[in-house]
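# Working through the structure, step by step
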Amino acid sequence: MRQEELTALLQDMSLEEKVGQMVQLMAGFFQEDASGVLTGPGASLGILEKDVWLTGSILGTYGARELKELQKKYMERHPHHIPLLFMMDVIHGMKTIFPIPLGLGCTFEPELARRCASAAAKEAAVTGLHVTFSPMADLVRDARWGRVMESTGEDPWLNGLFAGAQVEGFQGKDPGKPDKIASCIKHFAAYGAAEAGRDYNSAELCEHTLREFYLPAYRAGIDAGAALVMTSFNTVDGIPATINTKLMRKILREEMEFDGVLISDFSAILETVAHGCSRGERDAAGKAVRAGVDIDMMTSVYSRNLAELARSGELDESLIDECVMRILELKNKLGLFENPYKDADEEREKTVLLCEEHRNLAREAAVKSMVLLKNDGILPVNRNQKIAFVGPYTDSRQIKSSWSFTGDEKDCVTIREAAMEALDPRLTVYACGCPIISGETCLKGFTEELSQEPSGRELELMREEALRAAREADVVIMPLGEHYLQTGEAASRAFLEIPQVQMELFREVCRVNPNVVTVLFNGRPLDLREISGKSRAVLEAWRPGTEGGHAVLDLLLGRENPSGKLSMSMPYCVGQTPVYYNHTSTGRPYAAGIQDRFRSRYLDIPNEPLYPFGYGLSYTTFEISPVELSGDRMRLGETLTARVRVKNTGSRPGCVTVQMYLQDVTASVARPVRELKGFVKAELEPEEEKTVEFSIEEPMLRFWRADGSFASEEGDFRVFVGEDSAAEKEAGFTLLP
Ligand code: BGC
């Protein structure tokens, strides 16, 4: 449709129709007989049947046939036959599930994330979806927060690269094109700063922290063209983000120039009442529209109040028109006025979903996302010895995440299946040893049936079988980890451990066989002191998705060489969280060996995490030369080059991620001790040597200043280059005025 036609359409719509566009409901409301929803659980929402058929978008359902039927039925009833938008959380894959975003972050390969998002978009589009609520660009620093799995980690710049790449993957150049869907950046803003890692908690952060560390990744997603943005549940500057006019009107719309659709998070407008910032629904509705929130997700706050607010003159109807126009424009951008079914196609579903190309991509991504944390030489595993796989993830298909509900567990390749394809059955045994979780871990309120716990006797037998297998083996591979419901939304944890039932098994196995290799399935950094201390090797597999089993075996057997690098620090213990490499310099820095008591440190643990950001081993070794800088001074507009030689000093081909960090030594605000500003992934054959170069330009040195400008300041800078954020090789330069 041309813009004039959209304007004419808007002018012709009744106020109720307009408000309808601003409401999003779940598909249950549109069933043939929706009376169950309207009078049952949904009744508390106060949605009336007449409102249902004016609703502008639906969340949480997919399937080409179903969505086409729904679209047809809906459009026939709608006064202006305006098509619905179908939205869904396609977070790390649709049917082919890729590694969780935290794992994707460990690939240090945004282009790979772009390819995964593009494959996910193709699968989503063919099932009839138009919009995904992804990527989550929230900066994460606190491993207690269950949603760290949905972020690409603790580095604002790296997150921005991934957010941009994912938006491009989902949308391409135009989300209206075949196999593309619109992408929604979330959760604006600072949802990742939930205090003490407790989900939905307030976020306490100053404007400097917000602008310097939290906003850049959202901005990168918006600059990449994200069609939507979602509000966050938390407060920003004391005001719930969803009704925070400064945040939404000034920062998002004016400064970031976002002109797409702003959608609330699930019932977030209504929740401003519980925040104590709206006097009731009516007040909340008015405030959210004034802040520019176009769509109310899953409440009746807009549908019950907006028309009345406009008629009474309390709310300017032109504000409603603005919101509706943005929604109509999105529908138009997706081509829905011409083809309301877009790519929905039951026949193509059969060839696109889980196709070989996507499975291969999932395997590549899983391999690259896994991080080898420890290896004393036991890996890669020698296949001519007796191998026992012992642990509950040996046979488990629960290797996706709680944010991949469109995928099916049955399609996941387990460790055992992958091992059986590759290993001599006469030399290999498998034993689960214990369940993933037992009664001691509270997962109240989750739909998962956790009460089918094995009896005491069954547990004993499992344990005995596992110990027998471990005793007789030359090497024991232990696939252990969190339950998949222990991370994701509403899954904050105060203890960063894998369930005790597994730790007990681990300890007993270590007692009977010292040759333990642990493979971890988890969605957040954990306290790995004991596991790392007792295992001869530790492979962090995250939640790897559909091809997880194959990817683990590729790495354990050395068919692939590990290259993943931590996108979030592994804390020493929970008391250290939040721990992140790019923290601000303090006035009393501590370094090992300093005797002075009055330093910023703990009495009982080190300041450093167990494994730092950027860390990850390979089966080969690399040597990096001292850093050479092309000059020791830089003026505005000039470029300096930091150069190192990197050599593969081991006996296998491998990939090294050379990382460059900068430190602004003196500035008008305290600056981070270092910040990632460049990285290069280089493939090297044994003995091969390459030159790796990084450009340093003035815009990289800018930061948020007290006067509200984003600028660099003259002075000294340090440059660190190495294989992780603890890199020690350094050089320096001065930025001249
Ligand atoms: C989550 C969002 C998600 C939405 C819709 C909310 O609870 O916070 O991230 O997109 O639900 O499923």
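Remember, it's a predicted structure, so these values are computed and weren't measured experimentally.

Sheet architecture is open: five strands sit in the order β19-β27-β26-β21-β22, paired in mixed fashion. Of all the strands in the sheet, the pair left with one neighbour each is β19 (633-634) and β22 (675-684). With nine bridges connecting them, strand β21 (residues 654-664) and β22 associate as antiparallel partners. By the bridge assignment for β22, Val658 is matched with Val680.

This paragraph deals with the nonpolar core. By size, the foremost hydrophobic cluster in this structure holds 124 residues, and its most contacted members are Phe188, Tyr302 and Leu306. Here this core gets nine residues from one element, more than from any other, and that element is helix α7 (residues 110-126). Sequence-distant contacts of Phe188, that is, excluding residues within four places in its chain, are made with Leu215, Tyr218, Val229, Met230, Thr231, Ser232, Ala241, Leu247, Met248, Ile251, Leu252 and Met256. Leu102, Val148, Ala469 and Val516 belong to the second largest nonpolar core, which has 49 residues in total.

Between helix α9 (residues 207-223) and helix α10 (residues 245-255), the least distance of the axes is 12 Å, while the angle of their chain directions is 50°. Our classification of the angle between α9 and α10 gives oblique. The hand of the α9/α10 crossing is right-handed. Contacts between α9 and α10 involve Glu207, Arg211, Leu215, Arg219 and Ile222 from the former and Lys246, Lys250, Ile251, Leu252 and Glu255 from the latter.

So, about the side chain of Arg674. Mapped onto the secondary structure, Arg674 falls in the loop between β21 and β22. Buried charge Arg674 goes without a salt bridge, the closest partner of opposite sign being Glu730 at 6.3 Å. For Arg674, the side chain forms a polar contact with the main-chain oxygen of Ser725, separated by 2.8 Å. A polar contact of 2.8 Å, which involves the side chain of Arg674, links it to the backbone oxygen of Ala727. Residues in contact with Arg674, not counting those within four places in the same chain, are Tyr581, Asn582, Tyr661, Leu662, Gln663, Phe720, Ser725, Ala726 and Ala727.

About the criteria used
- Residues numbered from 1 in each chain as written.
- Predicted model: local features only at pLDDT ≥ 70, side-chain atom pairs only at ≥ 80, totals over all residues.
- Heavy atoms only, no water.
- Pairing = 2+ DSSP bridges.
- Helix = DSSP H or I, 4+ residues; strand = E, 2+ residues; numbered from the N terminus.
- Core = buried A, V, L, I, M, F, W, Y, C linked by side-chain atoms within 4.5 Å.
- Buried < 20%, exposed > 50% of the residue type's maximum accessible area, 1.4 Å probe, protein only.
- Contact = heavy atoms within 4.5 Å.
- Axes fitted to C-alpha atoms, helices over the stretch in contact; angles between N-to-C directions.
- Parallel < 35°, antiparallel > 145°, perpendicular 65-115°, else oblique.
- Left-handed = near helix turned anticlockwise from the far one by under 90°.
- Lys, Arg positive; Asp, Glu negative; His and termini not counted.
- Salt bridge = Lys/Arg side-chain N within 4 Å of Asp/Glu carboxyl O.
- Polar contact = N/O pair within 3.5 Å; in protein donor to acceptor, adjacent residues only side chain to side chain.

Keep in mind that these numbers describe shape and distance, not what the molecule does.
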